[in-house]
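Structural features, examined
Here is what each chain is made of, one letter per residue.
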Amino acid sequence: MKRLGILFVISGPSGAGKGTVLGKLRSEVENLSISVSATTRNPRNGEANGVHYLFCSKDKFKEMIDNNEFLEYINKFDNYYGTPKAPVEQLLNEGKDVVLEIETMGAANVRQMFPNAVLIFITPKSFDELKRRLDKRGSENPKDRAARLEIAKTELDSMTQYDYIAVNNDVRSCINTLKAIISAERTKMARNPELINTLTSRDN
Ligand code: 5GP
């Protein structure tokens, strides 16, 4: 029996620092692929097509929906975001572990499809800290600020559907937490049928 790859799902409110942490994980953990989502939103400064996202038009995205090319997708902030199905399935079948960085509704959908997926929630240490980081990022417009906070609250309220919580107070310690989770999941007995078979099928 071959070892299938593990599907890790990482979510967290805007301002949790997911991007920085994932960038480091990519370079520090072997045999781990970060899935590249498709989106209809415009690229931000420094974002490259095929690296941060596959940027596409709404028409193209809808065509992909019709062709059943997404594992899951959502329509958020007036834009579509979706996880392309084929590369994720291929990697998992090859025994490679995959990380999806998606929001909480997508995570719930993935959990339904992949009950063995490992859901990790990244968060700042307190709500006040989250507010501070959101303020630093966003405009001063009170309406925008209130909307950002509402979204953050909804995301925090979905936290209990996750298997692990990783506090990102200090980037290095958050990365170490994620590495520990990945290591623990990889060494679970049930995830290593091939190794078990080798060790238990003895001639004498
Ligand atoms: P941003 O526009 O800031 O890059 O992302 C907005 C939100 O969309 C983030 O919470 C991010 O995790 C989420 N997101 C990015 N890609 C996907 C995806 O493929 N599926 C889902 N469900 N959410 C996604």
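Note that the structure is a prediction, hence the values are computed from the model and not measured.

Peptide bonds are mostly trans, and most non-glycine residues show a negative phi. One non-glycine residue, asparagine 31, lies in the positive phi region at around 60°. Within the secondary structure, asparagine 31 sits in the loop between helix 1 (18–28) and strand 2 (32–34). Despite not being glycine, asparagine 68 shows a phi value in the positive range, around 60°. Counting through the fold element by element, asparagine 68 comes out in the loop between helix 2 (58–66) and strand 5 (70–76). Looking at asparagine 68, the relative accessible area reads 51%, which means it is exposed.

Our next topic: the sheet that holds strand 9 (residues 164–167). As summarised here, the arrangement of the five strands in space is 2-7-1-8-9, forming an open sheet in which the pairing is parallel. Pairing within the sheet leaves two strands with one partner each, and these edge strands are strand 2 and strand 9. In this sheet, neighbouring strand axes are inclined to one another by 25° on average, regardless of whether the strands run parallel or antiparallel. Taken together, the four bridges between strand 8 (residues 118–123) and strand 9 define a ladder with parallel strand orientation. Bridged to threonine 123 within strand 9 is valine 167. Against the sheet, helix 3 (residues 85–93) engages strand 1 (7–11), strand 2 and strand 7 (97–101), with an angle of about 150° to strand 7.

The next subject is a negative patch on the surface. A contiguous patch of negative charge on the surface is contributed by Asp59, Glu63, Asp66 and Glu69. By secondary structure assignment, the location of aspartate 66 is in helix 2.

For the rest of this paragraph, the subject is the packing of helix 1 against helix 7 (residues 171–186). Packing of helix 1 against helix 7 leaves a shortest axis separation of 10 Å and a crossing angle of 55°. Judged by the inter-axis angle, helix 1 sits oblique to helix 7. Helix-helix and strand crossings are classified by hand; for helix 1 and helix 7 the assignment is right-handed. Judged by residue contacts, Thr20, Val21, Lys24, Leu25 and Glu28 of helix 1 engage Val171, Arg172, Cys174, Ile175, Leu178, Lys179 and Ile182 from helix 7. Of the residues assigned to the contact of helix 1 with helix 7, the class counts are seven nonpolar, one polar and four charged.

Attention shifts here to the pairing of strand 5. Here strand 5 lies mainly inside the structure; five of its seven residues are buried. In terms of strand pairing, strand 5 meets strand 6 (residues 79–84) through six bridges, oriented antiparallel. The residue of strand 6 that forms the bridge with asparagine 75 is tyrosine 80. The turn joining strand 5 and strand 6, which pair antiparallel and follow one another in sequence, is formed by two residues; a positive phi near 50° is taken by phenylalanine 77.

Right, let's get into the sheet that holds strand 4 (residues 54–55). In spatial order, the strands read 4-3-6-5; together these four strands make up an open sheet with mixed pairing. The two strands at the open ends of the sheet, each matched to only one other strand, are strand 4 and strand 5. Where strand 3 (residues 38–39) and strand 6 come together, two bridges link them in antiparallel fashion. Each bridged residue has a counterpart across the sheet, and for alanine 38 the counterpart in strand 6 is glycine 82. Packing against the sheet, helix 3 makes contact with strand 5 and strand 6, and its axis sits at approximately 30° to strand 6.

Calculation notes
Residues numbered from 1 in each chain as written. Predicted model: local features only at pLDDT ≥ 70, side-chain atom pairs only at ≥ 80, totals over all residues. Heavy atoms only, no water. Helix = DSSP H or I, 4+ residues; strand = E, 2+ residues; numbered from the N terminus. Buried < 20%, exposed > 50% of the residue type's maximum accessible area, 1.4 Å probe, protein only. Pairing = 2+ DSSP bridges. Axes fitted to C-alpha atoms, helices over the stretch in contact; angles between N-to-C directions. Contact = heavy atoms within 4.5 Å. Patch = residues over 30% accessible without salt bridge, like charges linked within 9 Å, V, L, I, M, F, W, Y side chains within 5 Å. Areas by Shrake-Rupley, 256 points an atom, 1.4 Å probe, with all protein chains shown as cover. Salt bridge = Lys/Arg side-chain N within 4 Å of Asp/Glu carboxyl O. Lys, Arg positive; Asp, Glu negative; His and termini not counted. Charge placed at Lys NZ, Arg CZ, Asp CG, Glu CD. Parallel < 35°, antiparallel > 145°, perpendicular 65-115°, else oblique. Left-handed = near helix turned anticlockwise from the far one by under 90°. Nonpolar A, V, L, I, M, F, W, Y, C, P; charged D, E, K, R; others polar.

Such coordinate-based values are descriptive only and should not be taken to indicate function.
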